[in-house]
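One-letter residues, chain by chain:
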Amino acid sequence: MCGIVGAVAQRNVQGILLEGLKRLEYRGYDSAGMAIRADDGRLQRCRALGKVAALEDKLAAAPLAGHSGIAHTRWATHGRPSEANAHPHQSGERLAVVHNGIIENHEALRDELEAVGYSFASETDTEVVAHLLEREARQGDLLGAVQRVLARLDGAYALGVIHADEPDVVIGARKGSPLVVGVGIEEAFLASDPLALLRVTDRFIYLEEGDVVRLAAGGEITILDAAGTPVTREIQTFEHGDGAASKGEYRHFMLKEIHEQPTVIAAALEGRLGDRNVLVESFGPEAETLFAGVRQIHLVACGTSYHAGLVARYWLERYAGVPVQVEVASEYRYRRVVVPEGTLFVTLSQSGETADTLAALRFARDRDYLGSLAICNVPGSSLVRESDLTLMTRAGPEIGVASTKAFTTQLTALMLLTLALGRLRGQDPDEQAGLVEALRGLPGLVRRVLSLDPAIEALSTAFGEKHHALFLGRGAHFPIALEGALKLKEISYIHAEAYPAGELKHGPLALVDSEMPVISVAPNDELLDKLKSNLQEVRARGGELFVFADAEVGLAEEEGVHVLRLPHVHEALAPILYTLPLQLLSYHVAVLKGTDVDQPRNLAKSVTVE
Ligand code: G6P
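Keep in mind that what you see is a predicted model, and the values were worked out from it rather than measured.

**Overview of helix α14 (residues 429-450)**
For step 1, the next point in the chain: When the terminal C-alpha atoms of α14 are compared, their 32 Å separation across 22 residues agrees well with the 32 Å that a helix rising 1.5 Å per residue should span.
For step 2, the next point in the chain: The principal kink in α14, of about 45 degrees, is found at Leu442, preceding the proline Pro443 by one to four residues.
For step 3, the next point in the chain: For α14, the N-terminal cap is Asp428; the gap from its side-chain oxygen to the backbone nitrogen of Asp430 is 3.0 Å.

**Quick notes on the site of the ligand**
For step 1, the next point in the chain: Among the 13 residues in the neighbourhood of the ligand, the closest are listed as Ser305, Ser349, Gln350, Ser351 and Thr354.
For step 2, the next point in the chain: Here an oxygen atom of the ligand and a side-chain polar atom of Ser305 are 2.6 Å apart.
For step 3, the next point in the chain: Here an oxygen atom of the ligand sits 2.6 Å away from a polar atom, N or O, in the side chain of Ser351.
For step 4, the next point in the chain: Here the ligand has 390 Å² of accessible area as a free molecule, and 90% of this is covered by the chains.
For step 5, the next point in the chain: Looking at the shell around the ligand element by element, the count peaks at three residues for helix α9 (residues 303-319).

**Some thoughts on the sheet that holds strand β17 (residues 324-328)**
For step 1, the next point in the chain: Pairing is parallel across the open sheet formed by five strands, whose spatial order is β17-β16-β18-β19-β20. Looking along the sheet, the strands with just one partner apiece sit at the ends: β17 and β20 (389-392). Across this sheet, the average inter-strand angle for adjacent strands is 20 degrees, counted without regard to direction.
For step 2, the next point in the chain: Here five bridges tie strand β16 (residues 296-301) to β17, and the two strands are oriented parallel to one another. Note on β17: the bridge partner recorded for Val300 is Glu327.
For step 3, the next point in the chain: The strands touched by α9 are β16, β17 and β18 (343-349); relative to β17, the strand with the most contacts, the crossing angle is about 175 degrees.
For step 4, the next point in the chain: The strands that helix α13 (residues 405-424) touches are β16, β18, β19 (371-376) and β20; relative to β19, the one it contacts most, it runs at about 145 degrees.

**Side note on the packing of α13 against helix α18 (residues 574-593)**
For step 1, the next point in the chain: The contact between α13 and α18 brings their axes to 10 Å, and the two run at 175 degrees. In terms of their interaxial angle, α13 and α18 are classed as roughly antiparallel. Here Phe407, Thr408, Leu411 and Thr412 of α13 lie close against α18, whose contacting residues are Pro575, Ile576, Thr579, Leu580 and Gln583.

**Re unusual backbone geometry**
For step 1, the next point in the chain: Geometrically, the link from His87 to Pro88 is a cis peptide bond, its omega value of -5 degrees lying close to zero.
For step 2, the next point in the chain: Tracing the backbone shows Pro88 in the loop between β4 (68-74) and β5 (89-91).
For step 3, the next point in the chain: Its identity is not glycine, yet Asp168 carries a phi of approximately 55 degrees, on the positive side.
For step 4, the next point in the chain: Relative to the assigned elements, Asp168 resides in the loop between β7 (155-163) and β8 (169-175).
For step 5, the next point in the chain: With a phi close to 65 degrees, Tyr493 is a non-glycine residue in the positive phi region.

**What about α18?**
Every α-helix carries 3.6 residues per turn, so stepping three or four residues along brings you back to the same face.
For step 1, the next point in the chain: With 20 residues, α18 extends 29 Å from end C-alpha to end C-alpha; this agrees with the ideal 28 Å at 1.5 Å per step.
For step 2, the next point in the chain: Where burial is concerned, most of α18 is hidden: 17 out of the 20 residues are buried.
For step 3, the next point in the chain: Gly594 occupies a position one or two residues after α18 and carries a positive phi of about 75 degrees.

**Details of the state of the cysteines**
For step 1, the next point in the chain: This structure, assessed with the given rule, holds zero disulfides.
For step 2, the next point in the chain: The thiol sulfur of Cys2 is not disulfide-bonded, and the nearest other cysteine sulfur, from Cys302, lies at 17 Å.
For step 3, the next point in the chain: Of all cysteine sulfurs, the one in Cys2 lies closest to Cys46, which takes part in no disulfide; the gap is 18 Å.
For step 4, the next point in the chain: Looking at Cys46, the relative accessible area reads 9%, which means it is buried.

**Quick look at the sheet that holds strand β24 (residues 545-550)**
For step 1, the next point in the chain: One open sheet accounts for five strands, arranged β22-β21-β23-β24-β25; its pairing is parallel. Both outer strands of the open sheet, β22 (495-500) and β25 (561-566), are each paired with one neighbouring strand and no more. Across the sheet, the mean angle separating the axes of adjacent strands is 20 degrees when strand polarity is ignored.
For step 2, the next point in the chain: The pairing of strand β23 (residues 518-522) with β24 spans five bridges and is classified as parallel. Among the inter-strand pairings, Val521 is bridged to a residue of β24, identified as Phe548.

**Description of the UniProt feature "domain: SIS" (unreviewed entry) in the protein**
For step 1, the next point in the chain: Those residues carrying the UniProt feature "domain: SIS" (unreviewed entry) are residues 286-427 and 459-600 in this numbering.
For step 2, the next point in the chain: Here residues 286-427 is 44% helix and 20% strand, with 21 Å between the C-alpha atoms at its ends.

**A short note on the pattern of salt bridges**
For step 1, the next point in the chain: Tallied over the full model, the rule gives 31 salt bridges.
For step 2, the next point in the chain: Between Lys51 and Asp596 there is a salt bridge; the shortest N-O distance is 2.2 Å. One end of the pair, Lys51, is in the loop between β3 (43-49) and α2 (52-61); the other, Asp596, is in the segment after α18, with 545 residues separating them in the sequence.
For step 3, the next point in the chain: Residue Lys51 is classed as partly exposed on the basis of its relative accessible area, which comes to 28%.
For step 4, the next point in the chain: Taking the relative accessible area as the measure of exposure, Asp596 reaches 31% and is therefore partly exposed.
For step 5, the next point in the chain: Taking the shortest distance from any N to any O, the salt bridge between Glu112 and Arg135 comes out at 2.9 Å. Of this pair, Glu112 sits in helix α3 (residues 106-115) while Arg135 sits in helix α4 (residues 126-137), and the two are 23 residues apart along the sequence.
For step 6, the next point in the chain: Using a relative accessible area of 27% as the deciding quantity, one classes Glu112 as partly exposed.
For step 7, the next point in the chain: Residues joined in a network through salt bridges with shared partners are Arg174, Glu209, Arg362, Arg365 and Glu386.

**Considerations on the pairing of strand β10 (residues 188-191)**
For step 1, the next point in the chain: Across the two faces of β10 the burial is the same, with Ala188 and Leu190 and Phe189 and Ala191 all buried.
For step 2, the next point in the chain: Judged from the four bridges that link them, strand β1 (residues 3-8) and β10 form a sheet pairing that is antiparallel. The residue bridging Gly6 from the neighbouring strand is Leu190, located in β10.
For step 3, the next point in the chain: Where strand β9 (residues 180-183) and β10 come together, four bridges link them in antiparallel fashion. Paired with Val183 across the strands is Ala188, a residue of β10.
For step 4, the next point in the chain: In this antiparallel pair of consecutive strands, β9 and β10, the connection spans four residues, and Glu186 shows a positive phi of 55 degrees.

Scoring rules and cut-offs
Residues numbered from 1 in each chain as written. Predicted model: local features only at pLDDT ≥ 70, side-chain atom pairs only at ≥ 80, totals over all residues. Heavy atoms only, no water. Helix = DSSP H or I, 4+ residues; strand = E, 2+ residues; numbered from the N terminus. Expected span 1.5 Å × (residues − 1). Bend = angle between axes of the 7 residues up to and from the residue. Polar contact = N/O pair within 3.5 Å; in protein donor to acceptor, adjacent residues only side chain to side chain. Near = heavy atom within 4 Å. Areas by Shrake-Rupley, 256 points an atom, 1.4 Å probe, with all protein chains shown as cover. Pairing = 2+ DSSP bridges. Axes fitted to C-alpha atoms, helices over the stretch in contact; angles between N-to-C directions. Contact = heavy atoms within 4.5 Å. Parallel < 35°, antiparallel > 145°, perpendicular 65-115°, else oblique. Buried < 20%, exposed > 50% of the residue type's maximum accessible area, 1.4 Å probe, protein only. Disulfide = S-S within 2.5 Å. UniProt positions renumbered as here; feature names shortened; annotations may be inferred. Salt bridge = Lys/Arg side-chain N within 4 Å of Asp/Glu carboxyl O.

Okay, structure coming up:
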């Protein structure tokens, strides 16, 4: 989604805003803009179609200067990407606003404003907010104007506002979209993600739903809650460090994040494993009591996180004996859901801000669930704050839009959940101890698989001219095949589908010919023989096969069959390990095709609108 930055500082804010936009570009990147109040009271604005670099070029030619300003990088919802639709939006020459989210009643508000003489310069829903604010600001101060306008808006949003008549003031508001305040030394900042501000501060206030904040000269921060009451919110220190915001030695964030997996998986396990079992307390002090009552699980997520949930179903049913239903959040939230007694509601999300997942959690709160657990990567995110229990995945900030390390740490966390529930539900202690031992060895195995990168890169050349690909897997590796297909389509734009290998004969086999590469994951588990015969079916139709197989599996390399051997791993953890070659394959195919790996077209990292 869109990214917002705002600043009231002792220095010129242009550099702070531009740096913030670069760091937020993963949220949306079809256009960008900034507005700064000059010291003589004029509002200056600069906007550009395309990436933040285009805005940077324009600013280099005609810099802005001042001590307060707002900026935005856009992911189009209402109105195509264009300079006219880029934020900030102004009403006249005195007021500018940036907005993330959707104003659902914008059409009615637009009619009302047009009727009293406002004319619109864009197709966006945001422009109504600019005009409403301009009208209200004539009646008093900007903070009061924002409060009165918010009462008229339906939908989800985060806003940043400046007015020519209020020197060194930025107003922010959040409802349904994330917004944090950065606390500087006699300076104050605003952003939709703390990452944007790590150059200027590591101290943040995570605004609550309905909060309005006024930043003013000297670092003054005033927060009013949804009822308009002044409140003090805790200042939290950002723990991830700033390294995550740069690519370092890597060509792309995605590659860097793929290679961080041994470290972040180890971080996800740290302090959560006992000698022979998982420490249930990792899920919080109330976890043991809550988990003891679990009879079923409803697991809800979107995108890659949903695929992690699908893997977890196999684990939770097999090792913890708990029935699990997994569903995409956008479907779940509009369904009449039956909630059997003792059902735990689990959400999975990298960002903790995905609109549908958050809405699903709020929907579930009004149902008869035992409680809610969020497995999430962003401390302080809405999902974390609104759930009964949380387990942080500790992947560190993920910048590449295609999720990699966030996924494998989610899987690691889900295995911890499986074992925590297993422990309370009578899982064989030796089985649990074996899995705990295997988890300890996982970062090392992940490192070994990553060392196969050159061989995977060599395989990728076969995909350069292909338009379609088919991914096959069985059991818990079917969701891994889904995730492999998603990665390939997201970043290389090759159409890819995934099937449980047993479904091949029921349709997709009709598509198999020499132009359809077939990728399969073949760990050494109980379904291996069945998978081998599925692969024969593909070979018999001339399909070229790419098999990622256990080193101990007797699959021979032959014409049209490429086999890449992975180190042997505990069967339960194979889905984590077999994800890695699929990530690397997609990465190299995308590089080969010359696509924008970290910021693929039409996508956004954090989907904070429905
Ligand atoms: C977007 C991202 C995906 C992500 C999905 C869910 O589509 O591009 O990478 O898997 O949102 O996001 P979440 O933050 O809830 O895991």
